[in-house]
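For reference, the chains in residue letters:
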Amino acid sequence: MIAGVLAALFASIAYGVSSVLQAHGARSSHDAALARGETGLSTETGAPTLRSTVLAMLTLYFIIGTALDVLGFVGGAVSARLAPLFLSQTLISANLVITAILGIFVLGIRLHARDWIAIGVVLAALCALGLSAKENPRETESMLFHWVLLGATIALVVVSVALVRLLGSRAAIAAGLAAGALFGAVAISVRVLDGLDPFSVSSLLGDPALYALALSGGAGFYLHTVALQLGSVNGATAALVVGETVVPGVIGVIFLGDETVQGLAWLAVIGFVAAVVGAVTVAWSGAVEATAQAEAAETSPT
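Just so it is clear, the model here is predicted, and its values are computed rather than measured. (Residues numbered from 1 in each chain as written. Predicted model: local features only at pLDDT ≥ 70, side-chain atom pairs only at ≥ 80, totals over all residues. Heavy atoms only, no water.)

Participant: Quick question: what am I supposed to make of the overall build of the protein here?
Facilitator: Counting secondary structure elements, the protein contains 13 helices and 0 strands. Secondary structure of the protein in N-to-C order comes out as α-α-α-α-α-α-α-α-α-α-α-α-α. Buried positions account for 50% of the 302 residues belonging to the protein. Here the protein has roughly 13,800 Å² of accessible surface; of this, 72% comes from carbon and sulfur atoms. (Helix = DSSP H or I, 4+ residues; strand = E, 2+ residues; numbered from the N terminus. Buried < 20%, exposed > 50% of the residue type's maximum accessible area, 1.4 Å probe, protein only. Areas by Shrake-Rupley, 256 points an atom, 1.4 Å probe, with all protein chains shown as cover.)

Dropping the structure here:
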C-alpha cells in the first residue's frame, strides 16, 4: 500500500503544479501578445479566440504542465491499483492544496485565514486516513461488475449531458459533480481492469472496464471544461472534488473490499469527511479560481 500512497502523492503534486504552470502560461502568453500590440485575442463575449488558445498551449509552462498531467494520470492509475480508493482518491484531490500554495508565489494570489485553516484540515485528515486505511489484496470481482460499471458509465454520461443542456448557464455545479463522478469511474475502472498483471492484450480488449475507462475519461474532461466555462468556477471545482472522492470511495468499500484497520473505522470516516470538506473549502480560494479560469480559457477556443 505504501507504493500506492506514494503514487497518489506524486499524482497530487503533478496535478497541482500542472494547474499553476498552465495558468501562468496562459497569463504570460496573453500579456506578451498584448505587449506586441496584437489584437483579436478574445471574442465579444470575452472568450479566448483560437489564436489566443494556441499561443497559450505553445508556451514552455503549458507544455511542462501538460506533461505533468500525463504523469499525474499514471500516478493516479498506479495508486488506484495498490491502495484503497477512499485513500488514493482523497490524496489526489489534495492537489488543490498544492495549487493554492503555489498560486501565492507564481500567480500572486493572496490566501485568507479560512484558506490556511482548510489546508491544515486537509493535511490532518489525510494523516488520519493514512493511519486508518488497511492494506487490502485486490479482490477478484465478477465480470458482471465490469458490465455494470460500463452500463452505469454510459447512463451517467447520457444523463449528465442532458442535464447540462437542460440547465444551460445554471449547470456549472451539476456539470462539475458529474465530471467528478466520471473521474471517479476512471479510478474504479483502472482498479478492476483485467489484463494488466499479467499483461494480456486480449484480456484488456475483452474487458468492459477498458471501455468504461475511455468513456468516463473523455466525458469527464468534457464536462469539467463545460463546468469551468459556465461561470461558477469555485462551485464547479468544489462539486468536482465531491464527485471524484465520494463516489469511488463508497464503491471501493461496498464492492471492492477496501477496509480500515480494525477499530479505526471511526477515524477513517472522520478523516474522509474532513478531507472532502477541507478540499471543498480550498476550492473556493482565489488561487484555485484563477487557475481554473485559465484552464477553462485554454480548452475553449472560439
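Participant: Looking at this model, I keep getting lost on unusual backbone geometry. Mind explaining?
Facilitator: What you tend to see is this: most non-glycine residues have negative phi, and most peptide bonds are trans. Of note, the bond from aspartate 197 into proline 198 is cis; its omega dihedral lies within 30 degrees of zero at 0°. Along the chain, the position of proline 198 falls in the loop between α8 (172-192) and α9 (201-205).

Participant: Even after reading the chapter, I still don't get a nonpolar patch on the surface, so can you show me in this structure?
Facilitator: A surface patch of nonpolar side chains, about 410 Å² in accessible area, is lined by Val70, Phe73, Val74, Val78 and Leu82. One can find valine 70 in helix α3 (residues 60-82). (Patch = residues over 30% accessible without salt bridge, like charges linked within 9 Å, V, L, I, M, F, W, Y side chains within 5 Å. Salt bridge = Lys/Arg side-chain N within 4 Å of Asp/Glu carboxyl O.)

Participant: Explanation requested: the side chain of serine 160 in the structure shown.
Facilitator: With respect to the element layout, serine 160 can be found in helix α7 (residues 143-167). When neighbours within four sequence positions are excluded, serine 160 is seen to be in contact with Ala178 and Leu223. (Contact = heavy atoms within 4.5 Å.)

Participant: Would you explain the pattern of salt bridges in this entry?
Facilitator: Between side chains of opposite charge, a pair can form when the charged atoms approach closely. Tallying each qualifying case throughout the model produces 3 salt bridges. Of the charged contacts, one joins lysine 134 and glutamate 259 as a salt bridge, the two residues approaching to 3.4 Å between their closest N and O atoms. Of this pair, lysine 134 sits in the loop between α6 (113-132) and α7 while glutamate 259 is found in the loop between α11 (233-255) and α12 (265-282), placing the two residues 125 residues apart along the sequence. Residue glutamate 259 is classed as partly exposed on the basis of its relative accessible area of 37%. In this structure, arginine 191 and aspartate 258 form a salt bridge, with 2.6 Å as the shortest nitrogen-oxygen distance. With a gap of 67 residues between them, arginine 191 in helix α8 and aspartate 258 in the loop between α11 and α12 connect regions that are remote in the sequence. One exposure class covers both arginine 191 and aspartate 258, and it is buried.

Participant: What exactly am I supposed to notice about the packing of aromatic side chains here?
Facilitator: In this description, a pair of aromatic rings is defined by centroid distance and the angle of the planes. Per the stated rule, a full pass over the model turns up 1 aromatic pair. Between phenylalanine 145 and phenylalanine 255, the aromatic rings sit 6.0 Å apart at their centres with planes inclined by 45°, giving tilted as the arrangement. Of this pair, phenylalanine 145 sits in helix α7 while phenylalanine 255 sits in helix α11, and the two are 110 residues apart along the sequence. Judged by relative accessible area, phenylalanine 255 falls into the partly exposed class, the value being 48%. (Phe/Tyr/Trp six-rings, centres within 6.5 Å; stacked < 30°, edge-to-face > 60°.)

Participant: Looking at this structure, I do not really get the nonpolar core. What am I missing?
Facilitator: Generally speaking, soluble globular proteins have nonpolar side chains that are buried together. Leu87, Leu129 and Val282 are the most contacted members of the largest nonpolar core, which totals 35 residues. Going through the elements one at a time, α1 (2-35), α4 (85-93), α5 (95-106), α6, α11, α12 and α13 (286-298) are the ones with two or more residues in this core. In this structure, leucine 87 is in contact with Met1, Val5, Leu129, Gly130 and Ala133, ignoring residues within four places of it in sequence. If you look at the next biggest cluster of nonpolar residues, it comprises 17 residues, including Leu150, Ile188, Val192 and Leu193. (Core = buried A, V, L, I, M, F, W, Y, C linked by side-chain atoms within 4.5 Å.)

Participant: What is the right way to look at the packing of α4 against α6 in this model?
Facilitator: Think of two packed helices as two axes; the pair is described by the angle between the axes and how far apart they sit. Contact geometry of α4 with α6 gives a least axis separation of 10 Å together with a crossing angle of 155°. In terms of orientation, α4 and α6 fall into the roughly antiparallel class. In this structure, α4 meets α6 at a crossing whose hand is left-handed. Along its contact with α4, which presents Phe86, Leu87, Thr90 and Leu91, the element α6 presents Leu126, Leu129 and Gly130. Class assignment of the residues belonging to the contact of α4 with α6 gives a composition of 5 nonpolar, 2 polar and no charged. (Axes fitted to C-alpha atoms, helices over the stretch in contact; angles between N-to-C directions. Parallel < 35°, antiparallel > 145°, perpendicular 65-115°, else oblique. Left-handed = near helix turned anticlockwise from the far one by under 90°. Nonpolar A, V, L, I, M, F, W, Y, C, P; charged D, E, K, R; others polar.)

Participant: Help me out: how do you make sense of the packing of α5 against α6 in this one?
Facilitator: Taken N-terminus to C-terminus, the directions of α5 and α6 make an angle of 140°; their axes are 10 Å apart at the nearest point. If you check the angle between α5 and α6, you find them oblique. α6 is crossed by α5, and the crossing has left-handed handedness. Two secondary-structure elements touch here, α5 through Val97, Ala100, Ile101 and Ile104 and α6 through Trp116, Ile119 and Val122. In the contact of α5 with α6, the residues fall into 7 nonpolar, no polar and no charged.

Participant: Where do I start with α5 in this structure?
Facilitator: Each α-helix winds once per 3.6 residues, and so residues spaced three or four apart point in a common direction. Counted at 1.5 Å a residue, the expected span for α5 with its 12 residues is 16 Å, and the 16 Å between its end C-alpha atoms agrees. Three or more residues of α5 are buried, namely Asn95, Leu96, Val97, Thr99, Ala100 and Gly103. Phi for glycine 108, located one or two positions after α5, is positive at around 70°. (Expected span 1.5 Å × (residues − 1).)

Everything listed is a geometric property; what it means functionally is a separate question.
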